[in-house]
Amino acid sequence: MCLWCFLRPGATGQGQSTAVCSPSCSCDEDGGADCSGRGLTTVPTGLRAFTYYLDLSMNNITELPAFVFKNFPYLEELRLAGNDLSFIHPEALSGLHQLKVLMLQNNQLKTVPSAALKNLHSLQSLRLDANHITTVPDDSFEDLQQLRHLWLDDNNLTEVPVGSLRHQANLQALTLALNRISYIPDNAFANLTSLVVLHLHNNRIKEIGDNCYSGLLNLETLDLNFNNLMVFPKAIEALPKLKELGFHSNDIASIPEGAFHNNPLLRTIHLYDNPLSFVGASAFQNLSDLHSLMLRGASMMQDFPILTWTNSLESLTLSGTKISSIPANLCEDLKLLRTLDLSYNEIKELPSLQGCVRLQEISFQHNHIQQIDRGTFQGLSALRLLDLSRNAIRVIHRDAFLSLTALTNLDLSMNSLTVIPTTGLSALSQLKLSGNPQMKNVLTAKNLPKLRSISLPYAYQCCAFVGCDSMTSSSEEYDVKKSTGGEDVERISMIMHCSPSPGAFKPCEHLLGNWM
Amino acid sequence: QNKQISGVSSGCQQGGCLTCSDYNGCLSCKPRFFMHLERIGMKQIGVCMTSCPPGFYDTRSPERNTCTKCRSECDSCFNKNFCTHCRAGFYLHLGKCQENCPEGLVRSDTQRECV
C-alpha cells in the first residue's frame, strides 16, 4: 500500500497555483499542468518535477525527442491528443515509471511506437485511436503488463493484431472498431482472459473462424455491428459470460437453431438490418436475462420462437414473417412483457393473453385474424394501445374490452366489422373504425366519455359525435352541459375530431330511417 | 480553417470546430473530433474535443463521433457498461463500480478499486 500516494507531492489544495509553472501553461496546486491549445511545437520547460498530470493536447507538436519527459518521474497522466505527432523517439517516454494514462489519439502515427512504450510498467490506459496505424509490431505492448484499456479504433488496420495481444492477460477493454479488418482468425484473442469489452464495429469483417473467440471467458460485450458477416457468428459459443451482443447491419440470412445456447446471460441482442429469412425456433430459449427481442422481416420464418425460460422479456417484436399461430401458453413465460408487436404476419387466431398483465402496447396489425374472443384481452388493465387494423375481424365478443380500463388508442380499421362493443372503453381517446364497410349503424358516444378522435366508415356516423347542425369543419368546439349531481352546471369544452366529417358533398346519405 | 457562420463574428477559436457561431460555439466538428454540448447557465455551447470530458465516453462512427454519459456510479468509462474509474463510495472491479468487492478482494479508498 503506497502511503505517500495519499499525500501526492505538491498536493496542497484546489485552485490556481502560485507554484512554479511554465508561461505556456496553467498549473494547479495538485500538480496538474494544462498546456493544451497553446500552439506549442515542443514540450514546455519550467514545469515542476512533481507534475502528475500534463495536458499537451491540441498543440502542434510533430515529434517527441529522446528523454523529453525525463523531469517528470511522478507523471501519471500524459495527454498528447490532437497534435501532429508522426514520430516518437524510442527514448521519448523514458523515466515515466508511474504513467497510468497515455493519450495519443488524433495524431499522425503510422505504426504503434512500440520501442517508446517499453518500460511503461504502470500504464493502464493507452489511446492510439484516430491515427493512421497500419501495423502493430508483435512486441508493441509486451512490457505493458498493467494495461487494461486499449483504443486502436479509427485506424487503417487490415487484420487483428494477434501477435501484439498475445501477452495481454490483464487487458479488459479493447476497441478495434472503424478499421479495415475483413477476417478474424481462430484463437485471435486466446490469451485475453480478462477481456470484458470488445468492439469490432464498422470494419469489413466478412468471415470469422469458428474458434476465433476462444479464451475470452470473461467477455460481456461484443460489438460486431456494421460489418459484412454473411453467416451467423457461431464462434460466440465460446463466450459463456456474454451479456451484450450486436451484429446489426450485416448480411446474415439466418439464425440457426440453438444459436445462443452457450450464452445464457445475454441481455441485449441487436440483430436488425440483416436480410434475415430464417430464424431457428429454438434460437432464443433459456435466455432468462433477455429484455428485448426484435426480429423484423424474417420472411421464411414459420414457427413462433420457443421462449421457455426467456422470462424477462419486456419487449417482443416479430414482424414480417410467415408465423400463423401464437402458442397458447405464451403468457406463462412472458409475465413481464410490456410491448408486443406481432404485426405483418399470418396469424389467424389469438390465444388468451391473460397472463401478460403488464402489457401496455399490442400490435396485431396486418394479420389474418377473424374474431376476438371474450378472454383474449382479459385482465390487461395496463393496456394503452391496441392495434388490430388490417385483419379480417368479423366478430368481437361484447365483453372483449371489459377490462381494458386504461386503453386510450384502439385501431380496428380495415376489418369486416358490423358492430363493436364499447363497454369497458371509458378511457378511450382515439378510435379508428374506417374501412369497415359493413358497419352502417351509428355508434353512440355514451360509453366513450373521453373520446377525442374517431374515424368512422361513413360521414353520417360523425353526426353522433360532432352535431350535424353546425357542419363547418371536421374538428368542432362542442359545448356539453353536464350536470354534476345537483344544481351546479359544469361546462366542459370538448374538442372532438371525427372523420369523414359530413358536409355538402358527403350528405348524411343514410339519414332517413335509421339514425334520425 | 473553421468555417464561420456568415454574419457571425469569429469568436470561436477552438481547434476542432468545423462550423461555429459566437453564441453557441461549435455547431459541427472536424473529422475524428467529438462533439460535446456544455451547459453554461441557460446556454449550450458546442465543444469539439479529442476525447470526451470526464463522466462521458467516446463513441466513434463513420458519420459522427459522440459523447454519451457514463453510468452514475462511474467517474469515467469505456462504454455504458464498463467503468474505468468510480465515484466516491464505489470500487472498481472488471469494469463494474460496486459498493462492495467480490470475495477475496478488499476496497482501496485511494484508488477506489477492489484490490
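Look up: the structure comes first, before these words.
First, a word on scope: everything that follows refers to the structure included in this document. (Residues numbered from 1 in each chain as written. Chains lettered and ligands numbered in written order. Predicted model: local features only at pLDDT ≥ 70, side-chain atom pairs only at ≥ 80, totals over all residues. Heavy atoms only, no water.)

### Considerations on the overall build of chain B
Counting its secondary structure elements, chain B contains zero helices and 13 strands. In chain B, the succession of α and β elements from N to C terminus is β-β-β-β-β-β-β-β-β-β-β-β-β. Among the 115 residues that make up chain B, the fraction classed as buried is 42%. In chain B, once contacts between residues fewer than 6 apart in sequence are set aside, the share between residues at least 24 apart is 12%. With an accessible surface of roughly 6400 Å², chain B has 52% of that area assigned to carbon and sulfur atoms. (Helix = DSSP H or I, 4+ residues; strand = E, 2+ residues; numbered from the N terminus. Buried < 20%, exposed > 50% of the residue type's maximum accessible area, 1.4 Å probe, protein only. Contact = heavy atoms within 4.5 Å. Areas by Shrake-Rupley, 256 points an atom, 1.4 Å probe, with all protein chains shown as cover.)

### Notes on the state of the cysteines
All names here are of chain A. Scanning the entire structure with this criterion turns up eleven disulfides over all chains. With a sulfur-sulfur separation of 1.9 Å, Cys 21 is cross-linked through a disulfide to Cys 27. Taking the sign of the S-S torsion, about 70° here, the bridge from Cys 21 to Cys 27 comes out right-handed. Note on Cys 21: relative accessible area 27%, which makes it partly exposed. Judged by its relative accessible area of 7%, Cys 27 falls in the buried class. (Disulfide = S-S within 2.5 Å.)

### Some thoughts on the pairing of strand β20 (residues 315–319) of chain A
All names here are of chain A. Counting buried positions over the five residues of β20 gives four, a clear majority of the element. Sheet topology places strand β19 (residues 292–296) next to β20; five bridges connect them, and they run parallel. By the bridge assignment, Ser 292 is partnered in β20 with Ser 315. Examined bridge by bridge, β20 and strand β21 (residues 339–341) share three bridges and lie parallel to one another. Across the sheet, the residue bridging to Thr 317 is Asp 341, located in β21. (Pairing = 2+ DSSP bridges.)

### Things to note about the interface of chain B and chain A
On the chain A side, the residues contacting the 23 residues of chain B number 35 residues. Carbon and sulfur atoms make up 54% of the area that chain B and chain A hide from each other, which totals about 2300 Å². Of all residues in chain B, the largest losses of buried area upon contact with chain A belong to B:Arg32, B:Arg60 and B:Phe78, amounting jointly to 33% of the total for that side. Our count for the chain B to chain A interface comes out at eight salt bridges. Counting the contacts that link chain B with chain A gives 13 residue pairs in polar contact (both at pLDDT 80 or more). Secondary structure elements with two or more residues in the side of chain B that touches chain A: β8 (74–79) and β9 (82–86) of chain B. (Buried area = accessible area lost by both parts, 1.4 Å probe. Salt bridge = Lys/Arg side-chain N within 4 Å of Asp/Glu carboxyl O. Polar contact = N/O pair within 3.5 Å; in protein donor to acceptor, adjacent residues only side chain to side chain.)

### Focus: the pattern of salt bridges
Where side chains of opposite charge bring their charged atoms close, a pairing between them can arise. Residues and elements named next belong to chain A. Within the structure shown, the criterion is met by 19 salt bridges over all chains. Among the salt bridges present, the one from Arg 79 reaches Glu 77, with a minimum N-O distance of 2.8 Å. The buried category is assigned to Glu 77, whose relative accessible area is 18%. Taking the shortest distance from any N to any O, the salt bridge between Glu 237 and Lys 234 comes out at 3.8 Å.

### Thoughts on the side chain of A:Glu244
Its location among the elements puts A:Glu244 in strand β15 (residues 244–246). If we skip the residues at most four places from it in the chain, A:Glu244 touches A:Glu220, A:Thr221, A:Leu222, A:Leu266, A:Thr268, A:His270, B:Lys80 and B:Asn81.

### So, the packing of aromatic side chains
All names here are of chain A. Summed over all chains, the structure comprises ten aromatic pairs over all chains. Both rings, one in Phe 50 and one in Tyr 74, keep their centres 5.3 Å apart while their planes meet at 40°; by these two values the pair is tilted. In this pair, Phe 50 sits in the loop between β2 (32–34) and β3 (53–55) while Tyr 74 sits in the loop between β4 (63–64) and β5 (77–79), placing the two residues 24 residues apart along the sequence. Its relative accessible area of 27% is what places Tyr 74 among the partly exposed residues. When the centroid spacing of 6.4 Å and the interplanar angle of 50° are considered together, the rings of Phe 69 and Phe 72 count as tilted. (Phe/Tyr/Trp six-rings, centres within 6.5 Å; stacked < 30°, edge-to-face > 60°.)

### A short note on the nonpolar core
Counting 139 residues, the largest nonpolar core has A:Phe69, A:Phe189, A:Tyr213, A:Phe260, A:Phe284 and A:Phe377 as its most contacted members. Contributions of two or more residues to this core are made by α1 (114–117), β19, β20, α2 (330–333), α3 (463–466) and β30 (489–499) of chain A. For A:Phe189, the contacting residues outside a window of four places in its chain are A:Val160, A:Leu165, A:Leu174, A:Leu176, A:Ile184, A:Leu198, A:Leu200, A:Cys212, A:Tyr213, A:Ser214 and A:Leu216. Among the nonpolar cores identified, the runner-up in size contains nine residues, and B:Tyr57, B:Cys70, B:Cys74 and B:Cys86 belong to it. (Core = buried A, V, L, I, M, F, W, Y, C linked by side-chain atoms within 4.5 Å.)

### As for unusual backbone geometry
For the bond running from A:Ser499 to A:Pro500, omega is -5°, close enough to zero to count as cis. Relative to the elements of secondary structure, A:Pro500 occurs in the loop between β30 and α4 (511–514). Even without a glycine there, the phi angle at A:Asn119 is positive, about 70°. Take A:Asn119: it is sitting in the loop between α1 and β8 (125–127). Despite not being glycine, B:Arg112 has its phi angle at roughly 55°, a positive value. Here B:Arg112 is to be found in the loop between β12 (107–108) and β13 (113–114).

Everything listed is a geometric property; what it means functionally is a separate question.
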